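# Residue-level structural notes
One letter stands for each residue in the lines below.
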Amino acid sequence: MHLSESARVVFDVLAGTGTATRPQLAAGAGLSKPTVSTAVAELEAVELAAHSGRASGGTGRSAAVYRLGPAAGAVLAVDLGPAKTRVRGCALDGTLLAEGTGSRQEAADTVRKVLDALPAGAPLRAVVVAVGDVTTRDGEGARERPATAKAGPVFDAMAVALPEGVPVHLENNVNCAALAELHEGAATGRDTFGYLRIGVGIGLAVVIGGRVLRGANGAAGEVARIPYPWDESRAPRLEGLEQRMGSRTLLRRAAETWQDGDGPCPRTAERLLALSGQGHATARAVIDAHAADVGRLAAAVAAVLDPGLIVLGGGTGADPQLLPGVRAELARLSWPTEVVSSVVGDTGTVAGASRLAVAHGIQTVTGAVRAKH
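Residues numbered from 1 in each chain as written. Predicted model: local features only at pLDDT ≥ 70, side-chain atom pairs only at ≥ 80, totals over all residues. Heavy atoms only, no water.

As annotated in an unreviewed UniProt entry, the protein carries the name ROK family transcriptional regulator and comes from Streptomyces hawaiiensis. As its UniProt record puts it under Sequence similarities (unreviewed entry), the protein is described as follows: "Belongs to the ROK (NagC/XylR) family." (UniProt positions renumbered as here; feature names shortened; annotations may be inferred.)

And the structure:
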């Protein structure tokens, strides 16, 4: 679809506002009212914009209100999480149209259900898939996919449910969660910060100037690859730090520490955190030791990036019980850095992926150079 430059700009503004009058579109686009009128007419002709009633002004006069038209279409965001798949379908103004949740193994079925729930006839403009992996392309023009077995097989199984010809963009799941923190979470108003996820695995998103830093290989923030252990008697193991700090090892340390009089040993990190919160002495000691480990990783982040703010997320990391220990260890090893807990919860990744999907969808319609992240 070929649009004039003014129509592209007006569409972008309309997508960002949801509804707007012509004066509001002119102000947002930085265009004259006659130019906006021509652009709106162009968008209406191809059903990318539609009339949405009238709004009364302060002088008693009313102005026509516009919204996105049916041809603007929808986008899809998929979070291929370690245990659950979360899917959202959104309009290009960000309005939620449909959503679904299923197991990791049910990813394709969950995607199909959400696609079936989208408005009939609405073109699908873009798909963003959040994966716990770096990505690669097998040759020029090949489809982007996860680079390793961490997410590769489940992505391939899910991808069969996606319509042919729709642009599919992959993004690291930690980066997506950081975008949610930036726009609607603990980092609102801060354009530079680190988002440190601690859960089944570990990961870091680096946001500088309001944009996610991806690196030359798309692997910026892969803190699982920090050499560990590293001393005179031991050589680092591949992803040894993740093996130490992941929830599986946390539970193993709890089992090794558990006393006969402590009751049933927790089998999930959630249960361990719950016992700690209830004042269980052994559980609290295990969580405090884990918080010190997270604090050491946070100190490494601060030493390299000096982000000013670190947001702790993930199934374990987001629990506020970790904050005192993380802050104390970070203060001991590095310079002052604010540390807060994530507030977006389990849906942060799909929320960030939805924001990216909307940006890519607008890019598909307008032919912009690149999507805004």
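Text resumes after the structure shown.
## A short note on the overall build of the protein
Helix and strand counts for the protein come out as 12 helices and 15 strands. Each principal axis of the C-alpha distribution contributes one length, and for the protein these read about 75 × 45 × 40 Å. Within the protein, contacts between residues at least 6 apart in sequence are counted, and of these 58% link residues at least 24 apart. Summing over all exposed atoms, the protein offers an accessible surface of approximately 17,500 Å²; the carbon and sulfur share of this is 52%. In the protein, the 37 positive side-chain charges and the 37 negative ones have mean positions that sit 3 Å from each other. (Helix = DSSP H or I, 4+ residues; strand = E, 2+ residues; numbered from the N terminus. Contact = heavy atoms within 4.5 Å. Areas by Shrake-Rupley, 256 points an atom, 1.4 Å probe, with all protein chains shown as cover. Lys, Arg positive; Asp, Glu negative; His and termini not counted. Charge placed at Lys NZ, Arg CZ, Asp CG, Glu CD.)

## Overview of the state of the cysteines
All chains considered together, the criterion is met by zero disulfides. Of all cysteine sulfurs, the one in Cys 90 lies closest to Cys 176, which takes part in no disulfide; the gap is 13 Å. (Disulfide = S-S within 2.5 Å.)

## Some remarks on the pattern of salt bridges
For side chains bearing opposite charge, pairing can occur when the charged atoms are close. If you walk through the whole model with that rule in mind, you get 16 salt bridges. Glu 171 is the salt-bridge partner of Arg 214, the closest N and O atoms lying 2.5 Å from each other. One end of the pair, Arg 214, is in the loop between β13 (211–212) and α7 (240–245); the other, Glu 171, is in strand β10 (residues 168–172), and 43 residues separate them in sequence. Sharing partners across several salt bridges, the network here consists of Arg 244, Asp 293, Arg 296, Glu 329 and Arg 332. (Salt bridge = Lys/Arg side-chain N within 4 Å of Asp/Glu carboxyl O.)

## With respect to the domain arrangement of the protein
Taken as a whole, the protein is organised into domain 1 (5–71), domain 2 (73–176 + 349–366) and domain 3 (188–343). Inter-centroid distance (C-alpha atoms) of domain 1 to domain 3 is 47 Å. (Domains from an automatic or database assignment.)

## Concerning helix α5 (residues 152–159)
When α5 is considered as a whole, its buried residues turn out to be Gly 152, Val 154, Phe 155, Met 158 and Ala 159. The buried residues of α5 occupy one face: seen down the axis, they fall within an arc of 165 degrees. Check the buried side of α5 and you find it contacts β4 (74–80), α4 (107–117), β7 (124–131), β9 (144–146) and β10. (Buried < 20%, exposed > 50% of the residue type's maximum accessible area, 1.4 Å probe, protein only. Arc of directions from axis to C-beta.)

## So, the nonpolar core
Counting residues in hydrophobic clusters, the biggest one holds 51 residues, and the most contacted among them are Phe 11 and Phe 193. Of all the elements, helix α12 (residues 348–366) adds the most residues to this core, at seven residues. The residues contacting Phe 193, other than those within four sequence positions of it, are Ala 178, Glu 181, Leu 182, Ala 187, Ala 205, Val 206, Val 207, Pro 307, Leu 309 and Val 311. Trp 258, Leu 275, Ile 310 and Leu 323 belong to the second-largest nonpolar core, a separate cluster that totals 32 residues. (Core = buried A, V, L, I, M, F, W, Y, C linked by side-chain atoms within 4.5 Å.)

## A closer look at the sheet that holds strand β14 (residues 309–313)
One open sheet accounts for five strands, arranged β13-β12-β11-β14-β15; its pairing is mixed. The open sheet terminates on both sides in strands that have one partner only, identified here as β13 and β15 (338–341). In the sheet, β14 pairs with β15 via four bridges, with the strands oriented parallel. From the neighbouring strand, Val 311 faces β15, where its bridge partner is Val 340. Against the sheet, helix α11 (residues 323–333) contacts β14 and β15, and its axis sits at roughly 165 degrees relative to β15. (Pairing = 2+ DSSP bridges. Axes fitted to C-alpha atoms, helices over the stretch in contact; angles between N-to-C directions.)

## Quick word on the sheet that holds strand β6 (residues 96–103)
Read across the sheet, five strands follow the order β6-β5-β4-β7-β10 without closing on themselves; strand pairing throughout is mixed. With partners counted over all chains shown, the strands left at the sheet margins are β6 and β10, one partner each. On average, adjacent strands in this sheet sit at an angle of 15 degrees to one another, irrespective of strand direction. Bridge analysis of β7 against β10 gives five bridges, and the strand direction is parallel. Across the sheet, Val 127 pairs through a bridge with Val 168, a residue of β10. Its contacts with the sheet place α5 against β4, β7 and β10, and it is angled at close to 150 degrees to β4.

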